[in-house]
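Listed below are the residues making up each chain.
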Amino acid sequence: MTQDSDDSAALLQLLSAPGTAVFLDFDGTLVDLAPTPDGVRLEPGVVEALALLAERHGGALALISGRPVAQIDAMLAPLSLPVAGVHGVERRGADGALHVAPTRDVSPVLACAQSLARRHPGLLVEQKRGAVALHYRLAPELEQLCLQEMTAAVQACPGILLLHGKMVLEAKPAATDKGGAIAAFMGEAPFAGRRPVFAGDDTTDEAGFAYVQQVGGQGVKVGSGPSAATLRLASPGALRTALLAAAVAPLKE
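Residues numbered from 1 in each chain as written. Predicted model: local features only at pLDDT ≥ 70, side-chain atom pairs only at ≥ 80, totals over all residues. Heavy atoms only, no water.

**With respect to the packing of aromatic side chains**
And then number 1: Under the counting rule described, the total for this entry stands at four aromatic pairs.
And then number 2: Measuring from ring centre to ring centre gives 5.3 Å for phenylalanine 23 and phenylalanine 191, while their planes differ by 25 degrees; the resulting arrangement is stacked. Here phenylalanine 23 is found in strand β1 (residues 20–24), whereas its partner phenylalanine 191 is found in the loop between α6 (178–186) and β10 (195–200), with 168 residues between them in sequence. Taken individually, phenylalanine 23 and phenylalanine 191 each receive the classification buried, so the pair is uniform in this respect.
And then number 3: Between phenylalanine 185 and phenylalanine 191, the aromatic rings sit 5.2 Å apart at their centres with planes inclined by 50 degrees, giving tilted as the arrangement.
And then number 4: Take phenylalanine 191: its relative accessible area is 0%, and that puts it in the buried class.
And then number 5: Members of the aromatic cluster, each reached through a chain of ring pairs, are Phe23, Phe185 and Phe191.
And then number 6: A cation sits over an aromatic face here: arginine 91 above phenylalanine 185, 4.8 Å from the ring centre. (Phe/Tyr/Trp six-rings, centres within 6.5 Å; stacked < 30°, edge-to-face > 60°. Helix = DSSP H or I, 4+ residues; strand = E, 2+ residues; numbered from the N terminus. Buried < 20%, exposed > 50% of the residue type's maximum accessible area, 1.4 Å probe, protein only. Lys NZ or Arg CZ within 6 Å of the ring centre and 35° of its normal.)

Set out below in structure tokens:
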């Protein structure tokens, strides 16, 4: 896989094949990134395509996101899908049961992020269940300052890991990640026994790529940047095109 490759045809084949379990990141994958988290928009037809594709795969389609489950539900309403939020801290199975992983105290990290945001208006703080995200997309010149101070704050919080994503630093429980969330889904109906395909765009998705490829599935990197994923798409738009095509294509035997 090269950073210039486009594996849309290969992905369409996977999405159209029986026995596939589909896992999708949200920001930067299903939707284009926006200056702020609440600024993202779903393109017309995407919710309908997800619903149809989920039905064709017997319900084996889930969202794997850094956002809380409630935010994903609000974005996809009225569609309700299996979803893992906060990198797996929250996970709702196909049966509707919500599983919440143990969390650690992140108050020192939250205090650090809020202090930075008070001093620099371009920064945005998101507080989640057991996690804190500091967005600097509107102030990219502050990256090193944010990294330095957030790293120091995380070091004072045992069991907390700092993820460096696209214009965001996120402190989360070290024991949970997207790979673990997908593994948990794969142990349950209707995902069990299927071949997992996971599409994501950021460093936070690499754990998911590693897991699905370890068990014989495929990781799909959306956009540029180094990745362990075996397939690549140019953009979220390319992924949406593949999803829409798979939603209306007959399932292969």
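**Thoughts on the sheet that holds β1**
And then number 1: Spatial ordering of the open sheet is given by β5-β4-β3-β2-β1-β10-β11-β12, a layout of eight strands whose pairing is mixed. Strand pairing shows two members of the sheet lacking a second neighbour, β5 (98–100) and β12 (231–233), which therefore form its edges. Each adjacent strand pair in this sheet contributes to an overall mean axis angle of 20 degrees, direction not counted.
And then number 2: With respect to the sheet, helix α3 (residues 69–76) is in contact with β2 (61–64), β3 (83–85) and β4 (90–92), its orientation differing from that of β3 by roughly 130 degrees.
And then number 3: Strands β10 and β11 (218–222) of the sheet are contacted by helix α7 (residues 206–214), whose axis makes an angle of about 150 degrees with β11. (Pairing = 2+ DSSP bridges. Axes fitted to C-alpha atoms, helices over the stretch in contact; angles between N-to-C directions. Contact = heavy atoms within 4.5 Å.)

**Regarding the sheet that holds strand β9 (residues 168–173)**
And then number 1: If you walk across this open sheet you meet the four strands as β6-β7-β9-β8, and the pairing is antiparallel. On the outer flanks of this sheet lie β6 (124–128) and β8 (160–165), each paired with one strand and no other. The sheet shows a mean angle of 15 degrees between the axes of neighbouring strands, taken without regard to direction.
And then number 2: Both strand β7 (residues 131–135) and β9 contribute to a ladder of four bridges, which runs antiparallel. Note that in β9 the partner of histidine 135 across the bridge is valine 168.
And then number 3: Lying on the sheet, helix α5 (residues 143–155) is in contact with β7, β8 and β9; it crosses β8 at an angle near 165 degrees.

**Section: the side chain of lysine 178**
And then number 1: Following the sequence through the fold, lysine 178 ends up in helix α6.
And then number 2: Of the polar contacts made by the side chain of lysine 178, one reaches the side chain of aspartate 205; its length is 2.6 Å. (Polar contact = N/O pair within 3.5 Å; in protein donor to acceptor, adjacent residues only side chain to side chain.)

**Some details on empty space enclosed by the protein**
And then number 1: In the structure shown here, the tally under the stated rule is two cavities of 30 Å³ or more.
And then number 2: Here the largest cavity is characterised by a volume of approximately 430 Å³.
And then number 3: Along the wall of the largest cavity there are 28 residues; nearest its centre are Asp27, Leu33, His135, Val168 and Asp202.
And then number 4: Looking at the lining of the largest cavity, the elements that each hand over two or more residues are β6, β7 and β9.
And then number 5: Empty space within the second largest cavity amounts to approximately 40 Å³.
And then number 6: Taken together, Pro35, Thr36, Gly122, Leu124, His135, Tyr136, Arg137 and Leu138 make up the lining of the second largest cavity.
And then number 7: Here the lining of the second largest cavity is built from residues that sort into four nonpolar, three polar and one charged. (1 Å grid on protein atoms, 1.4 Å probe; cavity = no way out; pocket = protein on both sides within 12 Å on 5 of 7 lines; lining within 4 Å. Points joined across faces, edges and corners; volume = space filled by probe spheres on them. Nonpolar A, V, L, I, M, F, W, Y, C, P; charged D, E, K, R; others polar.)

**Quick look at the pattern of salt bridges**
And then number 1: Tallying each qualifying case throughout the model produces 10 salt bridges.
And then number 2: Lysine 128 is the salt-bridge partner of glutamate 170, the closest N and O atoms lying 3.0 Å from each other. With glutamate 170 in strand β9 and lysine 128 in strand β6, this residue pair connects regions lying 42 residues apart in the sequence. For the residue pair glutamate 170 and lysine 128, the accessibility class agrees, reading buried in each case. (Salt bridge = Lys/Arg side-chain N within 4 Å of Asp/Glu carboxyl O.)

On their own, these measurements won't tell you what the molecule is for.
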